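If you want the building blocks of each chain, they are given just below.
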2 protein chains.
Amino acid sequence: MYKPKGEKDIRCPLEYGLNVFGGKWKARIICVLSQKKTLRYNAIRSEMTDISDAVLAAALKELQADEIIVRKQYDEIPPKVEYSLTEKGESAIPILQSICQWSGASSKEEGEHLMKQCQKCDYKADKKTN
Amino acid sequence: MYKPKGEKDIRCPLEYGLNVFGGKWKARIICVLSQKKTLRYNAIRSEMTDISDAVLAAALKELQADEIIVRKQYDEIPPKVEYSLTEKGESAIPILQSICQWSGASSKEEGEHLMKQCQKCDYKADKKTN
DNA sequence: CAGTATCCTATTAGATACTG
DNA sequence: CAGTATCTAATAGGATACTG
């Protein structure tokens, strides 16, 4: 039963949400933008160690399409583009914080703190290494 | 910079959480178990239309490894196995509900209601079809 | 009944070179 | 600077046959 079209089939709100900020990078991008408010392309790139341009650009496009971030382009040389969260994007932050909290923090405050450090923290859950 | 091992690198609580209930099926499984409390393998399978055995079995194993669900095996013929949520699994439900709510519901109650219907609902967000 | 084993396809991620 | 284009690699997801 193949889906020849590249369409995602979002069948419920759960799938929609996980599609919007799931995957390897999108939640991290929202996280970083929630702290720095406005960042240029290369600034985001350097906050996210080990992401490639192809993947970062794709993630940013999806986040724009889902109206989580806005892209503001200044027409000057050299080019300058700034990204920031939309209101909808801001509204997702509490969810990401609650995930941080659930993932091991013992309090709401600690969850928010972990969220603030999410870019570079070396969190290790009690996940088995199979 | 290759990661030759099949190890996931969970670097922050956000990645941990999204690893636990992200992907195409795991949140749905938690969702279904939160309503029916205890289900046998084939019962889960029939609640989740279009999942194959290989994929369902893999998801159930990961959820067990992450201590989200428990597998109770009865040694009888024919075999009988029951799955249910652990306490940790139950504790993830509010997060999934808040995702449902964020994804388009206007109230907490509506979010919980959507969550209850998540298996079969035909939710359509205002997502562009590119 | 409750899965495994095997094989295959689709999607996602990554490296790198290049461009307005 | 902020990407795009292209190619390759890794992973997720799926179909189907088989088994204790």
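Predicted, not measured: the structure shown is a model, and the values here were computed from it. (Residues numbered from 1 in each chain as written. Chains lettered and ligands numbered in written order. Predicted model: local features only at pLDDT ≥ 70, side-chain atom pairs only at ≥ 80, totals over all residues. Heavy atoms only, no water.)

(A) View of the packing of helix 1 (residues 13-21) of chain A against helix 5 (residues 87-102) of chain B. Where helix 1 of chain A meets helix 5 of chain B, the axes come as close as 8 Å, and the angle between the chain directions of the two elements is 90°. As summarised for this structure, helix 1 of chain A and helix 5 of chain B are arranged roughly perpendicular, according to the angle between their axes. In this structure, helix 1 of chain A uses P13, L14, Y16, G17, L18, V20 and F21 of chain A to contact helix 5 of chain B, whose residues at the interface are L96, I99, C100 and W102 of chain B. Classifying every residue of the contact of helix 1 of chain A with helix 5 of chain B gives 10 nonpolar, 1 polar and no charged. (Axes fitted to C-alpha atoms, helices over the stretch in contact; angles between N-to-C directions. Helix = DSSP H or I, 4+ residues; strand = E, 2+ residues; numbered from the N terminus. Parallel < 35°, antiparallel > 145°, perpendicular 65-115°, else oblique. Contact = heavy atoms within 4.5 Å. Nonpolar A, V, L, I, M, F, W, Y, C, P; charged D, E, K, R; others polar.)

(B) Fine view of the protein's contact with DNA strand D. Surveying the vicinity of DNA strand D reveals 23 residues, the closest of which are R40, R71 and Y83 of chain A together with K8 and K24 of chain B. Taking R40 of chain A, its side chain carries an N or O atom lying 2.7 Å from a phosphate oxygen of DNA strand D. Between DNA strand D and the protein, one listed contact pairs a sugar or linking oxygen with a backbone N or O atom of P79 of chain A at 3.0 Å. Among the elements of the structure, helix 3 (41-47), helix 4 (53-65) and strand 3 (80-85) of chain A together with helix 4 (53-65) of chain B are those that each provide at least two residues to the surface near DNA strand D. Ranked by the residues each element gives to the surface near DNA strand D, the list is headed by helix 4 of chain A, at 4 residues. Class assignment for the residues of the surface near DNA strand D results in 13 nonpolar, 3 polar and 7 charged. (Near = heavy atom within 4 Å. Polar contact = N/O pair within 3.5 Å; in protein donor to acceptor, adjacent residues only side chain to side chain.)

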